[in-house]
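# What the coordinates show
Read off the chains here:
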Amino acid sequence: MNKKLKLSGLALLITTVLASGCSDGGSVNSGDKNNSGNNQGSNQTSNVETSDKEPVTIEFMGHGNPNEKSIFEKLIASFEEKYPHVTVKYTSVPPGEYSQKLTTLISSGKAPDVFYVGGSEFYRFAEAGTVLNLQPYLDETELFDPDNVWKQALDRYRFDGAKVGAGDIYGLPKDVGPWAFVYNKDLFDAQNITPPSAVAGEWTWDDMLEAAKKLTIDSNGDGKPDQYGVAAYSLESAVWANGGNFIDYETGQVLVDQPAFYEAMQFVADLTNVHQVSPNTEAEQSMNGYTRFLNGQLAMFAMGPWDQPAFWELPFNWDIAAWPASPDTGETATWLGSMGFAISNKSKNPQEAFDLAAFLSLDEYGQRQNYELGQAVPNLIDMSKGEFLAVDKAPASRQVFLDIIEDYGRPDVPAFSKDTQWIDLFWQQASRVWNGEVTAQQFTAEIQPKMQELYDKFNK
Amino acid sequence: MNMKLTGYRKKELAWLYLFVAPPVLGFLIFGLTPMLFSIFISFQKWDMISSPTWVGFDNYTELFKDEKVFQSLFNTVYLMIGIPIGMAISLLLAILMNRSIKGIAFLRTMYYLPVISPIIAVSLLWQWILNQDYGLLNHLLWNWFGIKGPNWLGDADWVKPSLILIGLWGGVGGNMVLYLAGLQSVSSTYYEAAEIDGANGWQKFIRITLPLLSPIHFFVVVMGIIGAFQSFSQIYVLAVDGGPEYSGATIVYYIFQHAFKYFNMGFASAAAWLLGILIFIVTLIQFKFADRWVYQD
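Rules and cut-offs
Residues numbered from 1 in each chain as written. Chains lettered and ligands numbered in written order. Predicted model: local features only at pLDDT ≥ 70, side-chain atom pairs only at ≥ 80, totals over all residues. Helix = DSSP H or I, 4+ residues; strand = E, 2+ residues; numbered from the N terminus. Buried ≥ 20, exposed ≤ 12 C-beta atoms within 10 Å, placed from the backbone. Contact = placed C-beta atoms within 7 Å. Rg over C-alpha atoms; globule rule 2.2 N^0.38 Å. Pairing = 2+ DSSP bridges. Axes fitted to C-alpha atoms, helices over the stretch in contact; angles between N-to-C directions. Parallel < 35°, antiparallel > 145°, perpendicular 65-115°, else oblique. Nonpolar A, V, L, I, M, F, W, Y, C, P; charged D, E, K, R; others polar. pLDDT = per-residue confidence, 0-100. Domains from an automatic or database assignment. Left-handed = near helix turned anticlockwise from the far one by under 90°. Core = buried A, V, L, I, M, F, W, Y, C linked by C-beta atoms within 7 Å. Bend = angle between axes of the 7 residues up to and from the residue.

Across its full length, chain A carries 20 helices and 14 strands. Across the 460 residues of chain A, 42% fall into the buried class. Look at the contacts in chain A between residues 6 or more apart in sequence, and 75% of them connect residues 24 or more apart.

Here it is, written out as structure tokens:
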């Protein structure tokens with residue numbers, strides 16, 4: 001008797017395992033049927049008020065620091081209050097694993113309804129039809145006014161069937177990330193140097209170099225500076241300010257071998273190798289620019305809005321400024337990052353998923369929380385220009401963030417390519433220029449054909 | 001055999017299948033199926049989200065055109081320098097541990113500890129130890145010998161030696177245990193006979209111990225080479241993006257990058273099969289030459 005019981009128990013276990021395996025395989029079909037059925041259902045019921053709606057669950061996956069996670073938990077709670085029939089299942093994954101996990105979920109047909117997408121990922125997803133076209137929902141919605149959202153952020157999530165940047169909208173911005181130039185005001189005051197201007201074009205590379213030389217100080221005389229003028233100077237900023245470019249996305253031509261590019265790259269390398277006002281690779285390895293800046297041992301650095309909470313704790317005064325302009329052109333530039341919310345094409349409840357994405361992206365309460373906690377610049381234009389500018393907290397020159405968004409910020413280099421091997425190769429090998437092994441001109445001439453080959457192979 | 005199975009036999013057979021089922025099913029579902037699928041996918045272009053397209057042998061021919069394949073293969077083979085060094089150290093440790101003194105069990109445990117430590121945690125510790133400016137190792141080198149230590153993980157020439165060093169620390173314990181078992185199985189009669197013939201300690205070691213341990217040498221070399229071909233975790237932690245100028249990337253790291261960073265699953269599968277075939281050939285050669293130097297009792 002006992003034996004029989006055990007036997008049947010084991011058999012039951014095995015059959016359940018097998019059965020669950022089978023049902024997994026079959027769920028794609030039934031899911032599709034449900035999908036189309038629900039679609040019509042939600043369209044019909046969208047006019048009806050909340051009470052008699054069927055309860056739905058929306059899965060939402062993202063990544064980020066604990067701060068971001070707790071903001072989202074609060075936001076989701078208030079979303080669920082507003083939409084009582086919707087339950088949101090929120091998962092926050094470590095950033096390093098995010099892309100892997102998401103792609104695996106998508107390929108196994110278990111994509112979350114709403115998820116984060118970044119530049120090159122968005123391109124791949126849009127092209128493969130993984131993400132839902134939001135244009136119809138956007139045209140219908142009364143939740144927000146699209147004209148009040150940064151166009152520069154929304155445009156990142158357009159796709160016209162071949163290229164990103166134009167066409168229908170497939171995602172809503174989670175944030176806009178203007179990469180700004182930051183300086184330690186106390187160090188400038190100590191040397192009696194006028195700090196960089198917040199107005200683009202007023203302060204040039206020459207001004208920066210002159211200041212950096214005075215701000216690089218070896219106080220204990222061991223031959224290694226204990227305070228540096230500048231670190232991690234953005235190559236993108238230098239190249240674009242100089243009128244150069246990494247690539248022309250219209251023609252697909254890699255442009256790193258052009259004089260405007262390699263001259264800018266040489267300028268950045270010379271900060272370390274010739275002028276020694278910026279830590280070299282070894283110094284950077286032992287203590288990176290970020291730590292040096294926090295320690296008050298670095299005068300000029302770069303930051304995104306998300307660095308604010310850490311910088312608010314600093315014992316010295318700091319502010320942001322326009323990136324130095326190239327003396328050749330008088331122009332300046334920097335990159336503007338963005339992360340977005342996309343909705344899975346397979347979502348069974350696209351209307352609710354859209355409502356959630358729109359709420360997270362554009363709800364006033366959430367946007368206010370976001371900037372008060374120093375996570376981002378609001379996505380809403382009126383809020384950015386109004387209360388955000390009026391906040392009485394560092395950086396004093398908040399306008400710089402908005403100038404970057406509106407004026408001289410550009411999408412980061414990989415944003416418009418679905419495969420990034422060509423630019424990864426560049427960064428991987430660029431150390432040879434940074435450590436002075438070869439000149440920027442030699443290096444770029446050598447690497448351009450390889451980059452071009454990789455770009456052509458995987459992006460055309 | 002023609003006999004009809006009695007009820008009892010039938011029942012016994014049912015039990016048999018039932019007990020055999022979990023490992024067999026496990027292998028079929030999680031082992032064989034993915035393997036066959038990866039052969040299939042290695043002839044496709046597939047990014048995991050759109051449907052795969054047939055490309056024939058393109059993935060394989062592309063492999064031989066990518067200089068990174070050869071660089072990562074070179075790196076992988078370079079790391080195998082650690083195998084003979086590790087064998088020598090393990091054997092030495094095993095001989096030292098092969099005696100009955102007080103606290104020997106404790107010492108053996110100490111040397112075995114790295115083997116069971118989680119590799120990611122260990123790698124993070126090494127990252128700190130090997131830091132150029134405030135790392136433990138360079139501090140010791142400076143304080144004890146007055147040597148200015150290199151930038152272990154930041155200099156393209158030093159990444160691989162660093163990885164070998166870490167591999168040694170983590171690997172000798174396991175091999176030590178194998179050698180210890182081997183040493184204890186060598187019959188003392190050989191040594192007694194040699195002593196009567198007037199052999200000294202060194203001669204006994206070279207002529208008796210070393211040859212009689214040859215099955216263990218063989219096992220350690222075969223497993224060591226396979227393990228080196230497959231090394232990944234410590235690279236993932238210690239050589240971000242393959243290390244400076246790709247100097248730390250192994251072939252598995254290369255495969256991983258293509259599979260889970262660029263999502264070229266077909267290409268990555270092709271590379272994985274290339275690696276599989278390579279390991280197969282190398283192991284086959286080792287077995288082929290084994291009877292020339294491995295003594296079997």
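The number of helices and strands found in chain B is 14 helices and two strands. Here chain B has a C-alpha radius of gyration of 25 Å; the compact-globule value for 297 residues is 19 Å, and the former is much larger. Taken along its principal axes, the extent of the C-alpha atoms in chain B is 75 × 70 × 35 Å. Counting across all 297 residues of chain B, residues that qualify as buried make up 28%. Put simply, 67% of the contacts in chain B that link residues at least 6 apart link residues at least 24 apart.

So, about the sheet that holds strand β7 (residues 180-184) of chain A. Backbone-to-backbone hydrogen bonds pair the strands of a sheet. The strands run either parallel or antiparallel. All names here are of chain A. With mixed pairing, four strands are arranged side by side in an open sheet as β8-β11-β7-β12. Pairing within the sheet leaves two strands with one partner each, and these edge strands are β8 (228-230) and β12 (318-321). The mean inter-strand angle of the sheet, taken between neighbouring strand axes irrespective of direction, is 30°. In this sheet, strand β11 (residues 298-303) lies alongside β8 in parallel orientation, the contact comprising two bridges. Considered in β11, the bridge of Y228 is made with L298.

Turning to the packing of helix α18 (residues 421-429) of chain A against helix α20 (residues 440-459) of chain A, a few remarks are in order. All names here are of chain A. It is at 8 Å that the axes of α18 and α20 come closest, and there the two elements cross at 155°. Taken together, the axes of α18 and α20 are roughly antiparallel relative to one another. In this structure, α18 contributes Q421, W422, L425, F426 and Q429 to the contact, and α20 contributes I447, K450, M451, L454, Y455 and F458. Of the residues that constitute the contact of α18 with α20, the class distribution is eight nonpolar, two polar and one charged.

So, about the confidence of the model for chain A. When pLDDT is averaged across chain A, the result is 86; 89% of the residues are at 70 or more. Predicted confidence is poor over residues 1-50 of chain A, with pLDDT under 50, and the contacts of this stretch with residues over four places away or in other chains come to 16 contacts.

Okay, the interface of chain B and chain A next. The interface is formed by 20 residues belonging to chain B together with 20 residues belonging to chain A. Residues of the side of chain B that touches chain A, tallied by class, amount to ten nonpolar, six polar and four charged.

Our next topic: the pairing of strand β13 (residues 334-343) of chain A. Residue and element names in this part refer to chain A. Counting buried positions along β13 gives ten out of ten residues, so the element sits mostly inside the fold. Sheet analysis places strand β6 (residues 171-178) next to β13, joined by seven bridges and oriented antiparallel. Looking at β13, one finds that L172 is bridged to F341. Two strands pair when backbone bridges link them, and β13 and strand β14 (residues 409-411) are joined in this way by three bridges, in the parallel orientation. Note that in β14 the partner of W335 across the bridge is R410.

Domain parsing of chain B yields domain 1 (7-41) and domain 2 (61-293). Centre-to-centre separation of domain 1 of chain B and domain 2 of chain B, based on C-alpha positions: 34 Å.

We now examine the domain arrangement of chain A. As a measure of interface size, the accessible area lost when the parts come together is often cited. Residues and elements named next belong to chain A. Structurally, chain A comprises domain 1 (55-177 + 338-390) and domain 2 (180-336 + 414-459). One C-alpha centre belongs to domain 1, the other to domain 2, and the line joining them spans 31 Å. Each partner contributes to the interface: domain 1 provides 18 residues, whereas domain 2 provides 13 residues. Where the side of domain 1 that touches domain 2 is concerned, the elements lending two or more residues are α4 (119-128) and β6. No other element matches the five residues that α4 contributes to the side of domain 1 that touches domain 2. Partitioned by chemical class, the residues of the side of domain 1 that touches domain 2 number six nonpolar, nine polar and three charged.

Residues and elements named next belong to chain A. The N-to-C vectors of helix α10 (residues 259-273) and α20 enclose an angle of 130°; their axes lie 8 Å apart at closest approach. For the element pair α10 / α20, the angle class is oblique. You can see that α10 and α20 cross each other, and the crossing is right-handed. Seen from α10, the contacting residues are F261, Y262, M265, Q266 and A269; seen from α20, they are A440, Q441 and T444. Of the residues that constitute the contact of α10 with α20, the class distribution is five nonpolar, three polar and no charged.

The next point concerns the nonpolar core. Grouped together as the largest cluster of nonpolar side chains are 117 residues, with contacts concentrated most on V230(A), M265(A) and L356(A). In terms of residue count, α10(A) provides more of this core than any other element does, eight residues in total. Each of domain 1 (55-177 + 338-390) and domain 2 (180-336 + 414-459) of chain A contributes no fewer than three residues to this core. Among the nonpolar cores identified, the runner-up in size contains 46 residues, and L213(B), V220(B), A270(B) and A271(B) belong to it.

Low-pLDDT portions of the prediction should not be read for the details of their coordinates. All names here are of chain B. For chain B, the mean per-residue pLDDT works out to 90, and 98% of the residues sit at or above 70. Considering each helix and strand of chain B separately, the mean pLDDT is smallest for helix α12 (residues 233-238), with a value of 89, and largest for helix α4 (residues 82-97), with 94. Across the predicted assembly, pTM comes out at 0.80 and ipTM at 0.75.

All right, on to the environment of E236(A) then. Residue and element names in this part refer to chain A. With respect to the secondary-structure elements, E236 resides in helix α9 (residues 235-241). Here the alpha-carbon distance between E236 and V413, two residues 177 residues apart in the chain, equals 8.0 Å. Not counting residues up to four positions away in its chain, the partners in contact with E236 are T334, W335 and V413.

Bringing unusual backbone geometry into the picture now. Omega for the peptide link from A394(A) to P395(A) comes to -5°, which places this bond in the cis form. Within the secondary structure layout, P395(A) lies in the loop between α16 (381-390) and α17 (399-408). Although it is not a glycine, A232(A) adopts a positive phi angle of roughly 50°. Relative to the helices and strands, A232(A) resides in the loop between β8 and α9. One non-glycine residue with positive phi stands out, namely M48(B), at about 80°. Mapped onto the elements, M48(B) comes out in the loop between β1 (44-45) and β2 (53-54). Residue M48(B) is classed as buried on the basis of its C-beta count, with 20 C-beta atoms lying within 10 Å.

To continue, consider helix α1 (residues 7-41) of chain B. At A21(B), α1(B) shows its strongest bend, of approximately 45°, with the proline P22(B) following within four residues. With one of 35 residues buried, α1(B) lies mostly on the surface of the structure.

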